[in-house]
Amino acid sequence: MHLRKGIGAVILAGAVAVSAAPTAYCNDTGTEPIERPGWTLVFQEEFNDAVLNPAKFSDSYMPHWTTPEQSLAHYDVVDGILSLRIDKETQGPWWAFDDVQKISSIQTGMRDGMHNFWDTCTITDHHRAVTNFETKYGYFELRARVPHDGGLHSAWWMIGTEARADETAEIDVFEICGPDVKADKSRVRVSVHPWTDGGCKEQSLDYYPACDVSQDFHVYGFEWQPSGMKFYFDGQLVKETSQSPDYKMTTFLGIYENDSPLWSGTPDYNSEYPKRFEIDYFRVYKTDEMLARDAADNRAPAAGENLAPYAVAGAAQDWNWESPPSNMIDNDAYSAMQSNEAPNFPQYLYLDWEETQTFDTFIMKAAYGKGQAPTNWELEVSADGETGWVPVAASGDVNWNGNDWHVENQILHFPAAQGKSLRIKVNSANLQWNHYAINEILVKDSSASPLNANIATESTSEWNSENGGLLTDGDHSEAAQSADRITLPTDIVLSWPEPVSFDQIQMHCWYAQNQAPTKVSFQVSQDGQIWQEIVPPTVLAWEYADTTLENQTFSFEQVQEVRFLRMKVHDANLKWKHFAISELEVYNRQS
């Protein structure tokens, strides 16, 4: 929500004279949690302590763009009311560069590179990821009082965690500028900003309470469902939209001061300071269905499973903003993290976990290895994720064999290490195209065999497809698609960096009567040359031609220590000239 990002659209809105009739009346609904049938209170902060609870809110606003000192919120807590403050003399600008804007903000999550709001943003350092409350869907409620001074705006906003490159949409539940607060009517700005999320569109949903919202506390509500979003003021539904980002978001609560005549006005530096955005409580409710979905999404890794996707990826320096570090832990072997141009070595990449992890294996996947893969790296761990980095392994000088789209693996084994963070120190790389790239990283404990965990996500798929990595990325919401007018039969091969054992395969498809395989068989191999059939040619029946996700399960006697699985697609529904598979999963159900 930072003022500078999207400034053209913001200024345009601020420059238009608004004469809308009030759309809500003021009637504060009180301070006690309200019983909501069918909803469970899952997160609450009543601000009853003198300092913020660091397990709920961080007081460091996007420190990766500035310095730790400049990122800190100025606040106090008195009688259960949190006051986010703008101080006149003791508070400097937030940004480390050419900005004078002051900010006091608290947030439930944070990670390197989040909210790249301006072309001149530069990462100043790595900061351990904060993942206190990053969530999807629910009813969110805030009771607050905002200031009316010129040069100020107060905001409650949410933004995608950027766990994937395009999960960047911003929802401004409210932005209230000082000059928009009048005696008998206030303007509450509500916005959807898609940024790089192609599934969302820019939208304004402003409303106008019939009162001065700076005089008293008011209750602002936000209901986020898969079907859309609703906005409430003092218990009244005031705006709604069918838009709904389908990924986790982080919550920000902040006050901003800047000289911005067409947005929040000009500060009166002779007026009384500090300026205060006062917050009584923040609460979140969820339905049973939402809680069940959260439990599935937030499960802990199984013993022996790849730990990397359960971490937050970051870096101590800039990267190509279209190819972030999250690409190297997204289970898609064909999406890559890419460095900035002409990188200075060493470069530091980080994986941050909430809990301590144990591992003894590190695998790096790269395509075009001779052109753009790292050639020397070291691994270090930290017990607390911030200090005391201990070396655990080094690659030495590495040679990659190819320089095409085929993905290669480099494997490091080392004595078991423990930590909340893993740091990858990249000492050198092939820079044929002036950058380096990493397609995927696996971090594992080889002493344990993963049971009832999908191990297909650790493989690399090879087949005639432009988005073949989606076949095994663990995400059922997207489908991998064959080339159009493909000749059948055709093969899909999954290869693992090291041998695996399994006894079940599951295939998930949607629009199945239009585009799913209808006859398949499966073989395995230890070397990719000699194949053994484990599932004979099998005809598949599908029921639906819509978004219903259908499943086909193939169970067989356990195969042990193989590196390759081949699915032969003998026939398929080709209404749209291709076949598609939402996910191919592989399980080992035996010890």
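Placed above this text is the structure.
Now for a quick tour of the structure. (Residues numbered from 1 in each chain as written. Predicted model: local features only at pLDDT ≥ 70, side-chain atom pairs only at ≥ 80, totals over all residues. Heavy atoms only, no water.)

### Quick look at the pattern of salt bridges
As enumerated under the stated definition, the model contains 22 salt bridges in all. With a shortest N-O distance of 2.6 Å, Arg-36 and Glu-141 are connected by a salt bridge. One end of the pair, Arg-36, is in the loop between helix 1 (7-15) and strand 1 (39-45); the other, Glu-141, is in strand 7 (residues 138-145), and 105 residues separate them in sequence. Judged by its relative accessible area of 2%, Glu-141 falls in the buried class. A salt bridge links Glu-305 to Arg-299; the shortest N-O distance between them is 3.0 Å. Judged by relative accessible area, which is 37%, Arg-299 ranks as partly exposed. Because the salt bridges share partners, they merge into one network encompassing Asp-76, Arg-85, Asp-87 and Arg-276. (Salt bridge = Lys/Arg side-chain N within 4 Å of Asp/Glu carboxyl O. Helix = DSSP H or I, 4+ residues; strand = E, 2+ residues; numbered from the N terminus. Buried < 20%, exposed > 50% of the residue type's maximum accessible area, 1.4 Å probe, protein only.)

### A short note on the pairing of strand 14 (residues 236-241)
Pairing analysis gives five bridges linking strand 13 (residues 228-233) to strand 14, with the strands arranged antiparallel. The partner of Tyr-232 across the bridge, within strand 14, is Leu-237. Where strand 13 folds back on strand 14, the antiparallel hairpin that results is connected by two residues, among which Asp-234 adopts a positive phi of roughly 45°. (Pairing = 2+ DSSP bridges.)

### With respect to the packing of aromatic side chains
Throughout the structure, instances matching the rule amount to 40 aromatic pairs. With centroids separated by 6.2 Å and ring planes inclined at 85°, the aromatic side chains of Trp-156 and Phe-174 adopt a geometry described as edge-to-face. Of the two residues, Trp-156 sits in strand 8 (residues 152-160) while Phe-174 sits in strand 9 (residues 170-177), which places them 18 residues apart along the sequence. Their ring planes at 70° and their centres at 5.7 Å tell us that Tyr-350 and Trp-389 sit as a pair that is edge-to-face. Here Trp-389 lies in the loop between strand 20 (374-382) and strand 21 (390-394) and Tyr-350 lies in strand 19 (residues 347-366), a separation of 39 residues in the sequence. The ring of Tyr-281 is capped by Arg-283, whose NZ or CZ atom sits 3.4 Å from the centre of that ring. Just above the ring of Trp-531 sits the side chain of Arg-566; from NZ or CZ to the centre is 4.1 Å. (Phe/Tyr/Trp six-rings, centres within 6.5 Å; stacked < 30°, edge-to-face > 60°. Lys NZ or Arg CZ within 6 Å of the ring centre and 35° of its normal.)

### Regarding the layout of surface pockets
Estimated volume of the second largest pocket: approximately 550 Å³. Every residue lining the second largest pocket is counted, 26 residues in all, and those nearest its centre are His-127, Arg-128, Ala-129, Val-130 and Glu-386. At the level of secondary structure, the elements contributing two or more residues to the lining of the second largest pocket comprise helix 2 (68-71) and strand 6 (130-131). The residue inventory of the lining of the second largest pocket, partitioned by class, reads 13 nonpolar, eight polar and five charged. (1 Å grid on protein atoms, 1.4 Å probe; cavity = no way out; pocket = protein on both sides within 12 Å on 5 of 7 lines; lining within 4 Å. Points joined across faces, edges and corners; volume = space filled by probe spheres on them. Nonpolar A, V, L, I, M, F, W, Y, C, P; charged D, E, K, R; others polar.)

### Describing the environment of Gly-265
For Gly-265, the location among the structural elements is in the loop between strand 15 (249-257) and strand 16 (275-287). By relative accessible area, which is 10% here, Gly-265 ends up buried. For the pair Gly-265 and Ala-453, spaced 188 residues apart in sequence, the C-alpha to C-alpha distance is 55 Å.

### Regarding the environment of Glu-440
Along the chain, Glu-440 turns up in strand 24 (residues 440-444). Note: C-alpha distance between Glu-440 and Tyr-587 (147 residues apart in sequence) is 21 Å. Contact partners of Glu-440, with chain neighbours within four places excluded, come to Asn-327, Met-328, Ile-329, Asp-330, Asn-331, Asp-332, Ala-333, Ser-335, Ile-363, Met-364 and Lys-365. At a separation of 2.6 Å, a polar atom in the side chain of Glu-440 contacts the main-chain amide nitrogen of Asn-331. (Contact = heavy atoms within 4.5 Å. Polar contact = N/O pair within 3.5 Å; in protein donor to acceptor, adjacent residues only side chain to side chain.)

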